[in-house]
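One-letter residues, chain by chain:
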Amino acid sequence: MKSPPEITAFGVQGLVAGFGDKEVLHGVSLNIPARKVTAVIGPSGCGKSTLIRCLNRMHELVPSAWVRGTLRLDGSDVYGDEVDPVMLRRRVGMVFQKPNPFPTMSIRDNVLSGLRLTGRVPRGETERIVQKALEQAALWDEVKDRLDDPGTSLSGGQQQRLCIARSLAVDPEVLLLDEPCSALDPVATARIEDLLGALRERYTIVIVTHNMQQAARVSSLTAFLLAGDLVEFGPTSDLFTAPGDPRTEDYITGRFG
Amino acid sequence: MSSVHGPNKRHIDRDYERELGELRERLLRMAGVVESMIADAVRAYMTRDTALARRTIDVDPQVNRAEVEADALCLQILARRQPMAGDLRFVTLALKMVTDLERIADLAVSVAHRALALADMDAPPPPHPDMERIAELAGAMVREAIDAFVRRDAARARAVLERDDEVDDLYHGLFRDLLAEMRGHRTTIDAGILVQAAAKFLERIADHATNLAEEVIFFVDGTDVRHRGKR
């Protein structure tokens, strides 16, 4: 599989993963570049979510889940014996399809919750961390006067940006987003996409999306998965104008045989 | 219309499929009209057939309407469907193709006007021996480019590109001959200018056929061959 010459964040080699006796990914290999947005597209059930859940070891939280193959982050084995999955997830944050702020927590506490789970919050630093994370998530101006309000008092789009702020507060290297806009209206979606444009300067971003126009808009590289196989991985500008594989062409143009 | 797909690969959305099919039909109809205009304009010029020249000129508004309607359909598809990959290349091809076809029609009309002017002269000169060859080549290039589009055949489109140099060489030879003739016999200047203009219009038609062929190559295999060696 051809990968563009860039600094690799995730090196994935022969990744096979599944649940119980069901194999979902059949040997996926790709290099996800650092500080770029990589989109993962493909039909429902193709293994998109499984792939990104392997990247921060959330896949193994499902009791019957298993994984084989090599997965390296900055050259280190993600599945090495010495790796603490909790600390790994601090480096590799995740935002889900439905905004999921902690319902009993204020906006401020939601932002700090990741930090509190994985260690101590430096004394006297909380306000600075909260402000910085909310600014990075382009939410600060909208919530700075009501940081003690419940996170759930925000609109859907704001809640999703709060979840992004929560991920950013722990200072991760990678941000995984699993269909982050599927529950949002076009304006809230545009805000998230604009935010991704700003965040890609500092973070490696992997976004799973069903919306191909969104993949085309936000990503530098796109991976197309079909039934557990990586069919094509390359520059987004090529993949959506002149894909190399007829299966990609059929999928993105909405055709069937 | 199934762009680069086989005949069984149809769009899941049948309205979208119909829109792409309609766009293809419109392009083919427009191309057919333009091909006839070139042939008629050249025949009118060669045979001094003024009635045929006028009929050619009268067809032009039909091509103009076809251009506007095809453009509108392209915009509608872009806005409503956000086409991707082969479909995207097809719609952008269509946008460029209608522009080239409309300009070719304008050039055919210009040839027809020169045919009328020459027929109006007391002693029009005999046609230059290369004129027929230039006309033949220019017409064939347009035909072949359209054919390459219909068959989604990039090799056929590439063959069109190679013929443009022959047209250019013939035109420059003809131009030199006319210039020498006009310098030697000042009475031939009026007719010479008309002949030179008609030949230039045909040479321009060949250039637009080259554009069409380049557009078809990009449509078929996604390779941009424009301005090779000049960028």
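Conventions we followed
- Within every chain, residues take consecutive numbers counted from 1 along the sequence as written.
- Whichever chain is written first is A, and whichever ligand is written first is 1; the rest continue in order.
- For a predicted model such as this one, the threshold for reporting local features is a pLDDT of at least 70, and the threshold for listing and counting side-chain atom pairs is 80 or more; totals across whole chains, interfaces and linings nevertheless cover every residue.
- To obtain the side-chain values, all non-hydrogen atoms of the structure were used and water was disregarded.
- Each helix corresponds to a stretch of at least 4 residues labelled H or I by DSSP, and each strand to a stretch of at least 2 residues labelled E; elements are numbered beginning at the N terminus.
- For every residue, the accessible area obtained with a 1.4 Å probe (protein chains only) is divided by the maximum for its type, and the residue is called buried under 20%, exposed over 50%, and partly exposed between those limits.
- Lys and Arg are tallied as positive, Asp and Glu as negative. Neither His nor the chain termini are counted.
- We count a salt bridge whenever a side-chain nitrogen from Lys or Arg sits within 4 Å of a carboxyl oxygen from Asp or Glu.
- Within 3.5 Å is the distance limit for a polar contact, defined as a pair of N or O atoms, with the added protein rule that one can donate a hydrogen and the other accept it, and that residues adjacent in sequence qualify only through two side-chain atoms.
- Contact definition: two residues touch when any of their heavy atoms are within 4.5 Å.
- A helix is expected to reach a length of 1.5 Å times the quantity of its residues less one.
- Residues belong to a common nonpolar core when they are buried Ala, Val, Leu, Ile, Met, Phe, Trp, Tyr or Cys residues joined through side-chain atoms within 4.5 Å.
- In this analysis, the protein atoms alone were mapped onto a 1 Å grid. Cavities are point sets where a 1.4 Å probe fits without being able to get out; pockets are open sets with protein on both sides within 12 Å along at least five of seven lines; lining residues have an atom within 4 Å of a point.
- Grid points are joined across faces, edges and corners, and a volume is the space filled by probe spheres set on the points.
- We call Asp, Glu, Lys and Arg charged. Ala, Val, Leu, Ile, Met, Phe, Trp, Tyr, Cys and Pro are nonpolar, and the rest, Gly among them, are polar.
- pLDDT gives the predictor's per-residue confidence on a scale running from 0 to 100.
- Whether two strands pair depends on DSSP finding at least two bridges between them.
- Fitted lines through C-alpha atoms serve as axes, helices being fitted only where they are in contact, and the angles separating the N-to-C directions of these axes extend from 0 to 180 degrees.

### Regarding the side chain of Lys48(A)
Residues and elements named next belong to chain A.
Stage number 1. Here Lys48 is to be found in helix H1 (residues 48-55).
Stage number 2. Notably, Lys48 is buried but unbridged: the nearest opposite-charge side chain belongs to Glu179, and the N-O separation is 5.1 Å.
Stage number 3. Engagement of the side chain of Lys48 in a polar contact is seen with the backbone oxygen of Pro43, the distance being 3.4 Å.
Stage number 4. Ignoring any residue separated from it by four or fewer positions in sequence, one finds Lys48 in contact with Val40, Ile41, Gly42, Pro43, Val208, Thr209, His210 and Leu225.

### Observations concerning helix H2 (residues 50-81) of chain B
Stage number 1. Taking 1.5 Å per residue as the helical rise, H2(B) with its 32 residues ought to reach 46 Å, and the 47 Å between its terminal C-alpha atoms agrees with that figure.
Stage number 2. Among all positions of H2(B), only Leu52(B), Ala53(B), Thr56(B), Ile57(B), Asp60(B), Val63(B), Glu67(B), Ala70(B), Leu73(B), Cys74(B), Ile77(B) and Arg81(B) are buried.
Stage number 3. Tucked inside the fold, the buried residues of H2(B) contact helix H8 (212-218) of chain A together with helix H1 (14-47) and helix H3 (85-119) of chain B.
Stage number 4. Backbone nitrogen of Ala51(B) and a side-chain oxygen of the N-cap are separated by 3.2 Å at the start of H2(B); the cap is Asp49(B).
Stage number 5. Positive backbone phi, approximately 45°, marks Gln82(B), located one or two places after H2(B).

### What about helix H6 (residues 156-169) of chain A?
Residues and elements named next belong to chain A.
Stage number 1. Here H6 contains 14 residues, and its C-alpha end-to-end distance of 20 Å stays within 8% of the 20 Å for a straight helix at 1.5 Å per residue.
Stage number 2. By the criterion of burial, H6 is predominantly enclosed, with 13 of the 14 residues buried.
Stage number 3. Positioned one or two residues after H6, Asp171 has a phi angle of 60°, which is positive.

### Some remarks on the nonpolar core
Nonpolar side chains tend to gather and get buried jointly when the protein is soluble and globular.
Stage number 1. In this structure, Leu23(B) and Phe90(B) are the most contacted members of the largest nonpolar core, which totals 76 residues.
Stage number 2. Broken down by secondary-structure element, the contributors of at least two residues to this core are H1, H2, H3, helix H4 (131-151), helix H5 (154-184) and helix H6 (189-221) of chain B.
Stage number 3. In contact with Leu23(B), other than residues within four places in its own chain, are Ala70(B), Leu73(B), Cys74(B), Ile77(B), Phe90(B), Val91(B) and Ala94(B).
Stage number 4. Counting residues in each nonpolar core, the second largest holds 48 residues, with Ile41(A), Leu139(A), Leu175(A) and Phe224(A) among its members.

### Side note on the layout of surface pockets
Here the idea is plain: a probe the size of a water molecule rolls over the atoms and shows the empty space left.
All names here are of chain A.
Stage number 1. Of the voids in this model, the largest pocket is the one considered here, and its volume is about 490 Å³.
Stage number 2. What lines the largest pocket is a set of 20 residues, among which Arg89, Met94, Gly114, Leu117 and Arg166 lie closest to the centre.
Stage number 3. Among the secondary structure elements, those contributing two or more residues to the lining of the largest pocket are helix H2 (85-91), strand E6 (92-95), helix H3 (107-118) and H6.
Stage number 4. No other element matches the four residues that H3 contributes to the lining of the largest pocket.
Stage number 5. Of the residues that constitute the lining of the largest pocket, the class distribution is ten nonpolar, seven polar and three charged.

### Focus on the confidence of the model for chain B
Close inspection of predicted coordinates is inappropriate in any region flagged by low pLDDT.
Residues and elements named next belong to chain B.
Stage number 1. Chain-level pLDDT for chain B is 90 on average; 96% of the residues reach the 70-or-more range.
Stage number 2. Of all secondary-structure elements in chain B, the lowest mean pLDDT belongs to strand E1 (residues 10-11), at 84, while H2 reaches the highest, 96.
Stage number 3. Contacts for the low-pLDDT stretch residues 1-7, under 50 throughout, to residues beyond four places or in other chains number 27 contacts.

### Describing unusual backbone geometry
Stage number 1. One non-glycine residue, Asp171(A), lies in the positive phi region at around 60°.
Stage number 2. For Arg48(B), which is not a glycine, the phi torsion comes out positive at approximately 55°.
Stage number 3. Counting through the fold element by element, Arg48(B) comes out in the loop between H1 and H2.

### Remarks on the sheet that holds strand E10 (residues 229-235) of chain A
Residues and elements named next belong to chain A.
Stage number 1. The sheet built from six strands is open, its strands ordered E6-E7-E8-E3-E9-E10 with mixed pairing. Two strands in the sheet have a free side with no partner beyond their single neighbour: E6 and E10. Neighbouring strand axes in the sheet, compared pairwise and without regard to direction, differ in orientation by 15° on average.
Stage number 2. Pairing geometry for strand E3 (residues 37-41) and strand E9 (residues 221-226), over four bridges, is parallel. Across the sheet, residue Ala39 finds its bridge partner in E9, namely Thr222.
Stage number 3. Its contacts with the sheet place H6 against E6 and strand E7 (174-178), and it is angled at close to 170° to E6.
Stage number 4. Contacts from helix H7 (residues 186-199) reach E3, E7 and strand E8 (204-208) within the one sheet, and its direction differs from that of E8 by about 150°.

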